[in-house]
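Each chain, written out:
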Amino acid sequence: MTLKIYNTMSCKSEEIIPGLTQDVSSGKSHPVTIYSCGPTVYSYAHIGNFRTFLFNDFLRRYLKFRGFRVDHAMNITDVDDKTIAGAARDGVTLKQYTEKYTDIFFEDLKTLNIESVEHYPKATESIDAMIDIISRLEKKGIVYEKEGSLYFSISKYERYGRLSNVESREIKSGARYDADEYEKDDVRDFALWKASKPGETAWDTPWGKGRPGWHIECSAMIRKIFGTTIDIHTGGVDLIFPHHENEIAQSEAAYDETFVRHWIHVEHLLVDGAKMSKSKGNFYTLRDLLDRGHSPRSIRYLLITSHYRKQMNFTFEGITQADQALERIDNLIVRLKDIRKTAPPGADAGSLADQFIDRFTAALDEDLNISGGMGALFDFIHAANALIDREAISIDDAQLILDVLKKIDSVLGVIFFTESGTRVDEARIQGLLDERTRAKKERNFARADEIRDSLLAEGIILEDTKEGTRWKIRK
RNA sequence: GGCGCCGUACCCAAGUGGCAAGGGAGAGGUCUGCAAAACCUUUAUGCAGCGGUUCGAAUCCGCUCGGCGCCUCCA
């Protein structure tokens, strides 16, 4: 079995083969090199942003599950028009302003159980690499200057437009374009380096003081961190044009080698059937949802379990359905931990587990078909419940099933999601359970119900089974 | 106007030529002092509509209708 993922450049699913164009003489297996477009730290990221960042996490986790090593970078854009404007508005330095939102962003990643990646380069710390690219482009005569800003000349780069697959983009009649770019030679030309206004944060360059254009940072960071062609570049679909197209143009023109082999783009999250916008009132940050009482775990589940290449419509009903699905998983774990029967492991649990892993892997190998993978998971849960019902399961079998769930959860990150929530006093609860069992034996149902109700009020759900009473925390 | 995606049950959602996965909700059942919870069973002769290709179509082709995105800062 091989892992295939859709490549926006070729318009088809292609196998992931790390380091195909890198030095293969070392004999050591190459890590999959990944670059993901990260946030611009000018405000709170919204749940649409997090769909993409959760996808990056899922991709990374699945690659590791499949035995690849990964070397993953995600940039922090800490200088652009919005961050400069925000800092000015708040009367703080650019650095103070962006550090605040960078910290918030990392907190949100942690909340969503997103793994740290190997590199988090910042635009403001990659200026030297940007200058290197622009210098090379200048020597090749691809750069021109207008009023202190440097532009990339599309007409000098014949291969432009392969990613977005459009010969020459036509500007929609009546479309606006930025006032500060109206003096470009060609509307498609883009700024590599912008002249700074007095008082703005600026960097010294061979061309005078200024600040980076938007696209240059990704090209620079990839060069700086990985040196050469990378395996995978990810981002939202809105970045295909012009951002990624421009990255390709400047990098390949500067270094005369393939920039990225595999382009992966995540479709947009819609809310109530439409793109999020503040004016429509359907704009949510992660914290907005948490404030409404939704758990990070449910949000992660919801955003991760729909296919990355399909638009996803976010609704509050969807979160509720995610909650229910998670509860079904949790309930199996509660039952498994309640198994007391000692016996040698039966063949059933082992073969179920193997079948499950095979089905899960086969599904995800086909362009990360998460729905197929989740189908396999729930079938497995169903089969495990059936084993428990037949009492055909020992402690060792139960442990084997738990281990398989842990293995799958290295990809999903939702099953054993740790939440720093309510700490419970297990001994006290067990004491109350024992008291209730005695009360029931004495047919003192009033006392038994009183205990049940008071625990429920604390968020503890009691489950009476043939073997006795067990409890779980209400989610 | 240009480029592209999507339409599968009450809701969400796989399936790209061979008996329509899975989750939620609903209904029935098991268990229980009663409940709850849990588990089990069940729910589309049907895949937006109309034609066509084929022994066979949700799947391929054409047309129609409907929804959405990008083309402009954007994940």
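Procedures and definitions
Throughout this description, residue numbers start from 1 for each chain and increase along the sequence as written. To read the labels, note that chains go from A and ligands from 1, taken in the order they are written. Residues qualify for local features only when their pLDDT is at least 70, as the model is predicted, and side-chain atom pairs are given and counted only at 80 or more; totals for whole chains, interfaces and linings, by contrast, use all residues. Note that the side-chain values use all heavy atoms of the structure and ignore hydrogens as well as water. Here's how the labels work: a residue is buried when its accessible area is under 20% of the maximum for its type, exposed when over 50%, partly exposed in between, all with a 1.4 Å probe on protein chains only. Runs of E in the DSSP output that reach at least two residues are strands. Runs of H or I that reach at least four are helices, and both are numbered from the N terminus. Two strands pair if DSSP finds at least two bridges between them. Inter-axis angles, ranging from 0 to 180 degrees, are taken between N-to-C directions of lines fitted to C-alpha atoms, where helices are fitted over the stretch in contact. Start and end positions for the domains come from either an automated domain assignment or a database one. We call two residues contacting when some pair of their heavy atoms lies within 4.5 Å. Summed over both partners, the accessible area lost on bringing two parts together, with a 1.4 Å probe, is the buried area. We define a salt bridge as a side-chain nitrogen of Lys or Arg found within 4 Å of a carboxyl oxygen belonging to Asp or Glu. Polar contact criterion, stated in full: a pair of N or O atoms within 3.5 Å, where within protein one must be able to donate a hydrogen and the other to accept it, and residues adjacent in sequence count only if both atoms are side-chain atoms. Three categories are distinguished: nonpolar for Ala, Val, Leu, Ile, Met, Phe, Trp, Tyr, Cys and Pro, charged for Asp, Glu, Lys and Arg, and polar for the others, with Gly belonging to the last.

Undergrad: Honestly, the pairing of strand β4 (residues 70-74) in this entry has me stumped. Any pointers?
TA: Across a regular strand the side chains alternate sides, sitting on one face of the sheet and then on the other. Counting buried residues along β4, five of its five residues qualify, which places the element largely inside the surrounding structure. Across the two faces of β4 the burial is the same, with Val70, His72 and Met74 and Asp71 and Ala73 all buried. Pairing of strand β3 (residues 32-36) with β4, which is carried by five bridges, proceeds in the parallel orientation. Bridge assignment links Val32 to a residue of β4, and that residue is Val70.

Undergrad: In this structure, what is going on with the sheet that holds strand β7 (residues 190-195)? I would like to understand it.
TA: By way of backbone hydrogen bonds, the strands of a sheet pair with one another, either parallel or antiparallel. With respect to topology, four strands assemble into an open sheet ordered β5-β6-β7-β8, the strand pairing being antiparallel. Each edge of the open sheet carries a strand with a single partner, namely β5 (143-146) and β8 (210-212). The average undirected angle you get between the axes of adjacent strands in this sheet is 25 degrees. Taken together, the three bridges between strand β6 (residues 149-152) and β7 define a ladder with antiparallel strand orientation.

Undergrad: I tried to follow the domain arrangement of chain A on my own but got confused; where do I start?
TA: Interfaces are often sized by the amount of accessible area the parts lose when they come together. By the assigned domains, chain A splits into domain 1 (4-139 + 214-275), domain 2 (318-412) and domain 3 (426-473). Computed over C-alpha atoms only, the centres of domain 1 and domain 2 are separated by 34 Å. Taken together, the contact pairs eleven residues of domain 1 with 13 residues of domain 2. In terms of surface lost to domain 2, no three residues of domain 1 exceed Phe58, Tyr62 and Phe65, which account for 55% of the buried area on that side. At the boundary of domain 1 and domain 2, one finds one salt bridge. With a closest N to O distance of 2.8 Å, Asp365 and Arg66 form a salt bridge. Across the domain 1-domain 2 interface, the total number found is seven residue pairs in polar contact (both at pLDDT 80 or more). Breaking the side of domain 1 that touches domain 2 down by element, the ones donating at least two residues are β1 (4-7) and α1 (47-65). Counting residues per element, the side of domain 1 that touches domain 2 draws most heavily on α1, which supplies six residues. Taken together, the residues that form the side of domain 1 that touches domain 2 break down as seven nonpolar, one polar and three charged.

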